[in-house]
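One-letter residues, chain by chain:
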Amino acid sequence: GFFQSYAVEVDIKDASNATCLYADWLMRFLITYESNSGDYKTTTLNLSSSVTHNGSVCGNDTQAALVAVQFGEGHSWSINITKNNETYQGDFITLTYNTNDTAVFPDAKRKGPVTVLVKDPLHPVQLNTVFVCHNAYVIEAENVTQIFWNVTVQAFVQNGTVSKKESRCPADTPTSAPTVPPTVANVTTASTTTLSPAPTTAPKPVENPDTGNYSLKSGNKTCFLATVGLQLNVSQDKPLLININPKTTIADGACGNTTATLKLNDGNSTLIGF
């Protein structure tokens, strides 16, 4: 299903009222949590229409810049950005989600805020250059999948003007159009599928998929085994076939008393949940 996700725009001013940090992006989160019955469920946390950016700061040569947003019922997300003489780079991303939000976590066993900290995997960007990434990219940490797309960011803006010089993420190419925003569905049973559209470029003929061996562990014991070849048939203007490559696919998930959730990420923003 399609979920509404609101764009975030943060324009931080310095003491002279000049822009020092600019960011505009879309994001959503897939979160696996334990229910009151002991099962593990995957839910979707989207940004609400009302987002604040309290605590965001410009940064300087000795202090990191910070983009911090707050949304929904006690949820927040932030990234601190550091610079050296020639580049700036995201350092750590912090997500805090609140399981007291019953609309998102209707039957969570653990109540209250949960914080997940992850290192930003993106490469440094030259100063006086804006980072742009239209295509979706995914960050996995603990039981959370963070999905970002249509990203525009420049930290340590010079002279109050966002640069026209761009640095693109690896997922973008000079001629690519933005991908369709990732589509995800709540995973509440072992048979539910979670999927985000693949790039819209015309596919080459696709052979049968290779068979992959995927497993999950609970402590030292294997709790989930799957030997399967996977091919996706995406319905859009032109039907798109995608083979999931076991060599580049990462398995993650969790096992509960009566339910196991297996998440597969093939590295191209394609997420599948069983």
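Above this text you will find the structure in question.
The structure contained in this document is the topic of the report that follows. (Residues numbered from 1 in each chain as written. Predicted model: local features only at pLDDT ≥ 70, side-chain atom pairs only at ≥ 80, totals over all residues. Heavy atoms only, no water.)

Quick look at the overall build of the chain
So, step 1. A count of helices and strands for the chain gives 0 helices and 20 strands.
So, step 2. A total of 274 residues make up the chain; the buried ones form 46% of that total.
So, step 3. Taking contacts inside the chain between residues at least 6 apart in sequence as the whole, the part at least 24 apart equals 54%.
So, step 4. Summed over all atoms, the accessible surface of the chain reaches about 14,100 Å², with 49% contributed by carbon and sulfur. (Helix = DSSP H or I, 4+ residues; strand = E, 2+ residues; numbered from the N terminus. Buried < 20%, exposed > 50% of the residue type's maximum accessible area, 1.4 Å probe, protein only. Contact = heavy atoms within 4.5 Å. Areas by Shrake-Rupley, 256 points an atom, 1.4 Å probe, with all protein chains shown as cover.)

A short note on empty space enclosed by the protein
So, step 1. Across all of its chains, the model carries 2 cavities of 30 Å³ or more by this definition.
So, step 2. Forming the walls of the largest cavity are 19 residues, and the residues nearest its centre are Ile 79, Asp 120, Leu 122, Tyr 137 and Val 153.
So, step 3. Elements with a minimum of two residues in the lining of the largest cavity: strand 2 (19-34), strand 6 (75-83), strand 7 (87-98) and strand 12 (144-155).
So, step 4. Looking at the lining of the largest cavity element by element, the count peaks at 4 residues for strand 7.
So, step 5. Tallied by class, residues from the lining of the largest cavity come to 15 nonpolar, 3 polar and 1 charged. (1 Å grid on protein atoms, 1.4 Å probe; cavity = no way out; pocket = protein on both sides within 12 Å on 5 of 7 lines; lining within 4 Å. Points joined across faces, edges and corners; volume = space filled by probe spheres on them. Nonpolar A, V, L, I, M, F, W, Y, C, P; charged D, E, K, R; others polar.)

Points about the side chain of Asn 46
So, step 1. Positionally, Asn 46 belongs in strand 3 (residues 40-46).
So, step 2. Only 2.8 Å separates the side chain of Asn 46 from the side chain of Arg 28, close enough to count as a polar contact. (Polar contact = N/O pair within 3.5 Å; in protein donor to acceptor, adjacent residues only side chain to side chain.)

Some points on the sheet that holds strand 19 (residues 260-265)
So, step 1. The 3 strands are arranged 18-19-20 in an open sheet whose pairing can be described as antiparallel. Bordering the open sheet on either side are strand 18 (250-255) and strand 20 (271-273), each of which pairs with just one other strand. On average, adjacent strands in this sheet sit at an angle of 15 degrees to one another, irrespective of strand direction. (Pairing = 2+ DSSP bridges. Axes fitted to C-alpha atoms, helices over the stretch in contact; angles between N-to-C directions.)

Observations regarding the pairing of strand 2
So, step 1. Strand 2 sits mainly inside the fold: 14 of its 16 residues count as buried.
So, step 2. Note: strand 1 (residues 8-13) against strand 2, 6 bridges, orientation antiparallel. Note on strand 2: the bridge partner recorded for Asp 11 is Tyr 22.
So, step 3. The hairpin turn running from strand 1 into strand 2, its antiparallel successor, is 5 residues long, and Asn 17 in that turn takes a positive phi close to 65 degrees.
So, step 4. Strand direction decides the pairing type here: strand 2 and strand 12, joined by 10 bridges, are antiparallel. The partner of Asp 24 across the bridge, within strand 12, is Thr 152.
So, step 5. Bridge count for strand 2 against strand 3 is 7 bridges, and the pairing is antiparallel.

Quick word on the side chain of Asp 101
So, step 1. Checked against the element boundaries, Asp 101 lands in the loop between strand 7 and strand 8 (113-119).
So, step 2. Lys 111 provides the closest opposite charge to the buried, salt-bridge-free Asp 101, at an N-O distance of 9.6 Å.
So, step 3. When neighbours within four sequence positions are excluded, Asp 101 is seen to be in contact with Glu 73 and His 75. (Lys, Arg positive; Asp, Glu negative; His and termini not counted. Salt bridge = Lys/Arg side-chain N within 4 Å of Asp/Glu carboxyl O.)

As for the pairing of strand 17 (residues 240-243)
So, step 1. Covered by surrounding structure in strand 17 are Leu 240 and Ile 242 only, the residues Leu 241 and Asn 243 on the alternate face being uncovered.
So, step 2. Pairing of strand 16 (residues 231-234) with strand 17 involves 4 bridges; the strand directions are antiparallel. Looking at strand 17, one finds that Gln 231 is bridged to Asn 243.

Looking at the pattern of salt bridges
So, step 1. Scanning the entire structure with this criterion turns up 8 salt bridges.
So, step 2. In this structure, Lys 263 and Glu 140 form a salt bridge, with 4.0 Å as the shortest nitrogen-oxygen distance. Taken together, the positions of Lys 263 in strand 19 and Glu 140 in strand 11 (residues 137-141) put the pair 123 residues apart, joining distant regions of the chain.
So, step 3. Judged by its relative accessible area of 29%, Glu 140 is partly exposed.
So, step 4. Between Arg 168 and Glu 166 there is a salt bridge, with its nearest N and O atoms 2.9 Å apart.
So, step 5. The class of Glu 166 is partly exposed, set by a relative accessible area of 46%.
So, step 6. A single salt-bridge network, built from bridges that share partners, covers Glu 166, Arg 168 and Asp 172.

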